[in-house]
Amino acid sequence: MRTLAVVGGGAVGLATAWRAAEAGWSVTLFDPAVGTGASWVAGGMLAPLSEGWPGEERVLAFGAASLARWPEFAARLEAATAVPVFVADETMTVALDAADAADLRTVADWVGERGHELHVLDRAGVREREPSLARTVRAGLLAPTEPAVDNRKLVGALRQAAVAAGVTVRAESVDSLTELPHDQVVLAAGAASATLWPELPVRPVKGEILRLRQRPGVAPAPRRVIRARVHGRPVYLVPRA
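Residues numbered from 1 in each chain as written. Predicted model: local features only at pLDDT ≥ 70, side-chain atom pairs only at ≥ 80, totals over all residues. Heavy atoms only, no water.

Student: Any chance you could explain the sheet that holds strand S4 (residues 91-95) here in plain terms?
Tutor: Two strands in a sheet stick together by hydrogen bonds in their backbones, pointing the same way (parallel) or opposite ways (antiparallel). Pairing is mixed across the open sheet formed by five strands, whose spatial order is S5-S6-S4-S10-S11. The open sheet terminates on both sides in strands that have one partner only, identified here as strand S5 (119-121) and strand S11 (233-237). Strand-to-strand twist of the sheet, defined as the mean angle between neighbouring strand axes without regard to direction, takes the value 25 degrees. Relative to the sheet, helix H3 (residues 98-112) contacts S4, S5, strand S6 (139-143) and strand S10 (225-230), its axis offset from that of S6 by approximately 25 degrees. (Pairing = 2+ DSSP bridges. Helix = DSSP H or I, 4+ residues; strand = E, 2+ residues; numbered from the N terminus. Axes fitted to C-alpha atoms, helices over the stretch in contact; angles between N-to-C directions. Contact = heavy atoms within 4.5 Å.)

Shown next, in the form of structure tokens:
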């Protein structure tokens, strides 16, 4: 039986380990704290189209191909674990000033020319879909094929599926990839990957997540992912159950 070492127990590492074990590999996953890294505190957005920009053709193609695989992947994971992971079906990016609105049109035109569905919305169109947003929102970009997942449910379900498929989880760090005796090695350690493969152009980027609970009687939370730039900084709202 072929052997596989997966270094890193985030969403990518767990997904790789699970599917490889299902395909007949003997899989060992190495991570001192499985599922507690960036995958645990992520927003869970699947938005390669909204993030597209002229000149980034290869990035867009790669992200769009991944996005197209998500429905089948999530359905297969739910069948294995009874855990649904989607929390939103669409993404809306909003603009607060003329410059941001122009950027949305640039993205819509460029991504649309490559065969992907995006819709530019005026102020009324934004308010019709998400009435709780501020009236100062000037325009929006709707991506009807960009969902979001609950990343914590995803990581938990992937670990459950991986263990059920026979993956051995070892709660330990790997100091050198060359010392692993396996037939193949997958490096999926996120920002820490460069410590094991210094040539990788990977570095950590700091972000902040604020988790809010909805109280009775207040305006309803958005039903889709809402993305924006406020004073030059990217922000987003992602609904949860």
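Now that the structure has been shown, the text picks up again.
Student: Can you walk me through the sheet that holds strand S2 (residues 26-30) in this structure?
Tutor: A sheet is described by the order of its strands in space; here four strands give the open sequence S8-S2-S1-S9, paired in parallel fashion. Of all the strands in the sheet, just strand S8 (168-170) and strand S9 (184-187) have a single pairing partner and so form its edges. The average undirected angle you get between the axes of adjacent strands in this sheet is 20 degrees. With three bridges connecting them, S2 and S8 associate as parallel partners. Bridge pairing in S8 places phenylalanine 30 opposite arginine 170.

Student: Help me understand the nonpolar core, please; the structure alone is not making it clear to me.
Tutor: Note that soluble globular proteins tend to have their nonpolar side chains buried in a common cluster. Counting 43 residues, the largest nonpolar core has Val27, Leu77, Leu154 and Leu158 as its most contacted members. Of all the secondary structure elements, the ones that give two or more residues to this core are strand S1 (3-7), helix H1 (11-22), S2, helix H2 (57-81), H3, S6 and helix H5 (151-164). What leucine 77 contacts, discounting residues up to four positions off in sequence, is Trp18, Ala82, Val85, Leu154, Ala157, Leu158 and Ala161. Within the second largest apolar cluster, nine residues are counted, among which are Val94, Val126, Ile226 and Ala228. (Core = buried A, V, L, I, M, F, W, Y, C linked by side-chain atoms within 4.5 Å. Buried < 20%, exposed > 50% of the residue type's maximum accessible area, 1.4 Å probe, protein only.)

Student: Which parts of the structure should I look at to understand the packing of H2 against H5?
Tutor: The angle between the axes and the distance between the axes are what describe a pair of packed helices. Contact pair H2 / H5: the axes reach a minimum separation of 9 Å and the direction vectors enclose 60 degrees. The angle between H2 and H5 places the two elements in the oblique class. Where H2 crosses over H5, the two elements pack in a sense that is left-handed. Residues Trp70, Phe73, Leu77 and Thr81 of H2 form the contact with H5, whose own contacting residues are Leu154, Ala157, Leu158, Gln160 and Ala161. (Parallel < 35°, antiparallel > 145°, perpendicular 65-115°, else oblique. Left-handed = near helix turned anticlockwise from the far one by under 90°.)

Student: Got a minute to help me understand the pairing of S11 in this structure?
Tutor: When S10 meets S11, the two strands line up antiparallel, connected through five bridges. Each residue of the ladder has a partner; that of alanine 228, found in S11, is valine 235. The hairpin formed by S10 and S11 contains two residues between the paired strands, and histidine 231 there has a positive phi angle of roughly 55 degrees.

Student: What am I meant to see in the pattern of salt bridges here?
Tutor: Any two side chains of opposite charge can pair if their charged atoms end up close together. Across all of its chains, the model carries 10 salt bridges by this definition. Here glutamate 22 ties to arginine 76 by a salt bridge, and the two come within 2.9 Å at their closest N and O atoms. Placement of the pair is glutamate 22 in helix H1 and arginine 76 in helix H2, with a sequence separation of 54 residues. By relative accessible area, which is 39% here, glutamate 22 ends up partly exposed. Across the pair glutamate 130 and arginine 224 runs a salt bridge whose closest N-O atoms are separated by 2.9 Å. Of this pair, glutamate 130 sits in the loop between helix H4 (123-129) and S6 while arginine 224 is found in the loop between helix H6 (193-196) and S10, placing the two residues 94 residues apart along the sequence. As far as the burial class goes, glutamate 130 and arginine 224 line up, both buried. If you follow the salt bridges from partner to partner, you end up with Arg19, Glu22 and Arg76 in one network. (Salt bridge = Lys/Arg side-chain N within 4 Å of Asp/Glu carboxyl O.)

Student: Can you help me understand the environment of glutamine 184 in this one?
Tutor: Positionally, glutamine 184 belongs in strand S9. Its relative accessible area of 44% is what places glutamine 184 among the partly exposed residues. Along the backbone, glutamine 184 and leucine 4 are 180 residues apart, and their C-alpha atoms lie at a distance of 4.9 Å. Setting aside residues up to four positions removed in sequence, glutamine 184 forms contacts with Thr3, Leu4, Ala5 and Trp25.

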